[in-house]
Amino acid sequence: MSARGRKSVNPLDKKIPVNPKFKHVRSTLDTGASLSKYLEKLEEMKRDYNFKKDEIFKRMKIPTFAQLVVQVADFDTADETGTIAEEGEPYIDSCR
């Protein structure tokens, strides 16, 4: 085999093969704000909210509304008992 018959290909120009098994895995390095993160956030908003031009408030799906109600209930119980229900850490109120 002679070197004359081969093309010299830059290894950095080669395309990395995609494994469909790990297609959903993302990098753990967070570099801050980016267009891809912004577009993902918009897609999430489109999934969770139904937009219409003439409405003042956003419409939510039932599961999203249920999560909101649960979070408000947890916050209200934290105000009454002085502790946060999920984490169990003491709730510090500067007004008392």
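Thresholds applied
- Residues numbered from 1 in each chain as written.
- Predicted model: local features only at pLDDT ≥ 70, side-chain atom pairs only at ≥ 80, totals over all residues.
- Heavy atoms only, no water.
- Helix = DSSP H or I, 4+ residues; strand = E, 2+ residues; numbered from the N terminus.
- Buried < 20%, exposed > 50% of the residue type's maximum accessible area, 1.4 Å probe, protein only.
- Contact = heavy atoms within 4.5 Å.
- Patch = residues over 30% accessible without salt bridge, like charges linked within 9 Å, V, L, I, M, F, W, Y side chains within 5 Å.
- Areas by Shrake-Rupley, 256 points an atom, 1.4 Å probe, with all protein chains shown as cover.
- Salt bridge = Lys/Arg side-chain N within 4 Å of Asp/Glu carboxyl O.

The name given to the chain in an unreviewed UniProt entry is Centrosomal protein of 41 kDa, with Elysia marginata as the source organism.

Novice: Give me the lowdown on the overall build of the chain, citing residues and values where you can.
Specialist: Each helix and strand in the chain was counted, giving 2 helices and 2 strands. Counted from the first residue to the last, the chain has its helices and strands arranged as α-β-β-α. In the chain, which comprises 96 residues, the share counted as buried stands at 3%. Across the chain, the fraction of contacts at a sequence separation of at least 24, relative to all contacts at a separation of at least 6, is 0%.

Novice: Explain a nonpolar patch on the surface to me, using residue names and the numbers behind them.
Specialist: The grouping of M60, F65, L68, V69 and V72 at the surface amounts to a nonpolar patch, some 400 Å² of accessible area in total. Ranked by residue count, the leading element in the nonpolar patch is helix α2 (residues 62–81), at 4 residues. Inspection of the secondary structure assignment puts M60 in strand β2 (residues 59–60).

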